[in-house]
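Survey of secondary and tertiary structure
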Amino acid sequence: MTRKLFGTDGVRGQANTHPMTAEMALRLGAAAGRYFRRDGSSGHRVVIGKDTRLSGYMFENALTAGLTSTGMNVLLLSPVPTPAVGMLTPSMRADLGIMISASHNPAVDNGIKLFGPDGYKLNDEVEAEIEAMMEADIPLAAAERIGRAKHVYDGRFRYNERVKSTFPSNLRLDGLKIVCDCANGAAYRTAPEVLWELGAEVIPLGVEPNGLNINLGCGSTEPQAAAAKIRETGADVGICLDGDADRVILIDETGAIADGDQIMALFANRWAQEGRLNGHTLAATVMSNLGLERYLADNAIRLHRTPVGDRYVVEAMRAHGLNLGGEQSGHIVMTDYATTGDGLIAGLQFLAEMVRTGQPASRLAKSFEKVPQLLKNVRYGAGATPLDTPQVQAAIAAGEARLTGAGRLLIRKSGTEPLIRVMAEAEDEALMRGVVDDIVGAVEAVA
């Protein structure tokens, strides 16, 4: 069974444009409600969280209408991070969790992510089955069995307490000055609250959402403002979250930026030393830098590569019994603590290392030297299939031949945006740039 609606991380697109319309959300809610209420009994419930996008109100209402029409009771969490939905779904004994967010995308976009009763994102097969149900007649509940909806006002605080419980109880953040960039997103209250309650001096950025400024000039995708604030204030470290706070980028006291690969390297080595790293293996995607792979090998740690998408990282972790994985983009998955990537928990684990070792962020945030890597994105028009054209395929084949024995090439279609991502790694930067530019030019010519 194939999927047309769902991408690598739920359904995503520009709000009020196919597929991200209120009509689609209503039907998705009804189909998901029917899927998780197949026995027809009452008492089934779903929790819904969202980030701070203006369109979140529209999708929240549409999903609620669809879900209640099939007899599901809806619990509305209001703005909370994506990992809060993963945590609260099993905690509140819900059959389904939904997060309304387009993560790191601009404010005009939105998305819908679905979680099962265990708090993990649904797999491809379940999403395909729900999508097929959307195309058929969806049986509705009898009038007297329509579901109810209510707001849950303490969801954020429940999540805060869970996050704080992952920080070592014998440590505090007293004396640390932390720039916390919340991307005007879902963690704009949560992250500063947690850091302050653990003793830190917090310099907040991106904590004034207006529905249209999420990820705009701030957050994990644009950490330059946080880096400048660190240099201005003399802060010890910066934590930059994305719009739904499931990813993190760290900034050291000099303003240097550390991505997910460096964070995973630190955690993997530390956990391996403590005997906590299951299977002595880290799960990471094909996008992770070759330097990470070499560093892990030097420390007798295996790297299990997965397709791009934190959901695929988690699926591999569960299949192989691993407890640490993530993405270069900053999704850090620690299944000892959470069911999905959690930027705040990852940030706290890094801060714990700073406190425990007494070392500055600059020492901890650079475990290995990166192999030069270049990633370029090419946007393509509706209906275009640039990767299927002979000229693009020829350019890719030529690039692979040039990099044989000298580097690595990865070409993929984004699962969340109409983009072709062209990435290469090589010690020879001129060669790397030439290969990427040639392929980008070929794609642009047909996009």
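As shown above, the structure is provided for reference.
This one's a predicted model, so the numbers in the text were calculated from it and none came from an experiment.

**Points about the sheet that holds strand β3 (residues 73-79)**
Spatially, β1-β5-β4-β2-β3-β6 is the arrangement adopted by the six strands of the open sheet, whose pairing is mixed. Where the open sheet ends on each side, the last strands, each with one partner, are β1 (11-14) and β6 (149-151). On average, each strand axis in the sheet is inclined to that of its neighbour by 20 degrees, with strand direction left out of account. With four bridges connecting them, strand β4 (residues 96-100) and strand β5 (residues 109-115) associate as antiparallel partners. The residue bridging G97 from the neighbouring strand is F115, located in β5.

**Brief notes about the nonpolar core**
Core analysis: the largest hydrophobic core is formed by 66 residues, its most contacted members being L173, F350 and L351. When sequence neighbours within four positions are dropped, the list of residues in contact with L351 reads F167, L173, L176, I178, L195, V237 and I239. F6, V46, I100 and M133 belong to the second largest nonpolar core, which has 33 residues in total.

**A few points about the pattern of salt bridges**
Considering all chains together, one arrives at 30 salt bridges under this definition. Between K164 and E197 there is a salt bridge whose closest N-O contact spans 2.5 Å. Of the two residues, K164 sits in helix α5 (residues 155-165) while E197 sits in helix α6 (residues 190-197), which places them 33 residues apart along the sequence. Here E369 makes a salt bridge to K366, at a shortest N to O gap of 3.3 Å. Under the relative-accessibility criterion, K366 is labelled partly exposed at 48%.

**Some words on the environment of K113**
Note on placement: K113 falls in strand β5. C-alpha of K113 to C-alpha of S101: the two residues are 12 residues apart in sequence and 7.5 Å apart in space. The contact partners of K113, leaving out residues within four places of it in the chain, are D9, R12, T82, G97, I98, M99, S101, S103, K121, D244 and D246. Within the structure, the side chain of K113 is placed 3.3 Å from the side chain of D9, a separation counted as a polar contact. Polar contacts involving the side chain of K113 include one to the side chain of D244, which spans 2.7 Å.

**Overview of helix α14 (residues 429-446)**
If you check α14, its first and last C-alpha atoms are 26 Å apart, about what 18 residues at 1.5 Å a residue would give, namely 26 Å. For α14, the complete set of buried residues consists of L431, M432, V435, V436, I439, V440, A442 and V443. Considered in projection along α14, the buried side chains sweep an arc of 160 degrees and stay on one side of the axis. Seen from the buried face of α14, the exposed residues on the opposite side, beyond 90 degrees, are A430, E444 and A445. As for α14, its buried residues are in contact with β16 (373-379), α13 (390-403), β17 (407-413) and β18 (419-426). Between the side-chain oxygen of the N-cap and the backbone nitrogen of A430 there are 3.2 Å, and the N-cap of α14 in question is D428.

**Digging into the packing of aromatic side chains**
Under the defined criterion, the tally for this structure stands at two aromatic pairs. Summarising the aromatic geometry, the rings of Y35 and F36 are spaced 5.0 Å apart at their centres and angled 70 degrees between planes, so their arrangement reads as edge-to-face. Here the aromatic rings of Y295 and F368 are separated by 6.2 Å at their centres, their planes lie at 35 degrees, and the arrangement is tilted. One end of the pair, Y295, is in helix α9 (residues 290-298); the other, F368, is in the loop between α12 (361-364) and β16, and 73 residues separate them in sequence. In this structure F368 comes out as buried when scored by relative accessible area, which is 6%. Directly above the ring of Y57 sits K50, whose terminal nitrogen or CZ lies 3.8 Å from the centroid. Across the ring face of W271, the terminal group of R276 is positioned such that the distance to the ring centre comes to 4.3 Å.

**Some details on the packing of helix α8 (residues 260-274) against helix α11 (residues 343-357)**
At a minimum axis distance of 11 Å, the contact between α8 and α11 shows a crossing angle of 60 degrees. Looking at the two axes, α8 sits oblique to α11. As α8 packs across α11, the resulting crossing turns out to be left-handed. Along its contact with α8, which presents L266, F267 and R270, the element α11 presents A346, Q349, F350, E353 and R356. When the residues that make up the contact of α8 with α11 are grouped by side-chain class, the tally is four nonpolar, one polar and three charged.

**A word on the state of the cysteines**
Scanning the model with the defined rule gives zero disulfides in all. Cysteine C180 shares no disulfide, and the gap to the nearest cysteine sulfur, in C182, comes to 3.7 Å. A relative accessible area of 1% means that C180 is categorised as buried. You can see C240 has no disulfide; the closest cysteine sulfur is in C180, sitting 8.3 Å from it.

Parameters at a glance
- By convention here, each chain's residues receive numbers from 1 onward along its written sequence.
- The predicted origin of the model limits local features to residues at a pLDDT of at least 70 and limits the giving and counting of side-chain atom pairs to 80 or more, whereas totals for whole chains, interfaces and linings rest on all residues.
- Neither water nor hydrogens contribute to the side-chain values; these are computed over all heavy atoms in the structure.
- Two strands are said to pair when DSSP picks up at least two bridges between them.
- Only DSSP runs of H or I reaching four residues or more are called helices, and only runs of E reaching two or more are called strands; each is numbered from the N terminus.
- An axis is simply a line fitted to the C-alpha atoms; with a helix, the fit covers only the stretch in contact. Between two such axes, the angle follows the N-to-C directions and lies from 0 to 180 degrees.
- To qualify as a nonpolar core, a set must consist of buried Ala, Val, Leu, Ile, Met, Phe, Trp, Tyr and Cys residues joined through side-chain atoms within 4.5 Å.
- Working definition: with a 1.4 Å probe on protein chains only, accessible area under 20% of the residue-type maximum means buried, over 50% means exposed, and in between means partly exposed.
- Every residue pair with non-hydrogen atoms within 4.5 Å of one another is taken to be in contact.
- When a carboxyl oxygen of Asp or Glu is within 4 Å of a side-chain nitrogen of Lys or Arg, the pair counts as a salt bridge.
- Polar contact is the term for a pair of N or O atoms within 3.5 Å; when the atoms are in protein, one must be able to donate a hydrogen and the other to accept it, and sequence-neighboring residues count only if both atoms are side-chain atoms.
- One less than the number of residues in a helix, times 1.5 Å, gives the span that helix is expected to have.
- Directions drawn from the helix axis to the C-beta atoms are what define this arc.
- Note on aromatic pairs: the rings of Phe, Tyr and Trp (six-membered ring only in Trp) are paired at centre separations within 6.5 Å, and the planes decide the class, stacked below 30 degrees, edge-to-face beyond 60, tilted for the rest.
- In our convention, an over-ring charge means Lys NZ or Arg CZ found within 6 Å of a ring centre and within 35 degrees of that ring's normal.
- Working definition: roughly parallel below 35 degrees, roughly antiparallel above 145 degrees, roughly perpendicular at 65 to 115 degrees, and oblique for all remaining angles.
- For any pair of crossing helices, the crossing counts as left-handed if the nearer helix is rotated counterclockwise from the farther one by less than a right angle, and right-handed if it is rotated clockwise.
- Residues are grouped as follows: Ala, Val, Leu, Ile, Met, Phe, Trp, Tyr, Cys and Pro are nonpolar; Asp, Glu, Lys and Arg are charged; all remaining types, including Gly, are polar.
- Cysteine sulfurs are considered disulfide-paired once they come within 2.5 Å of each other.

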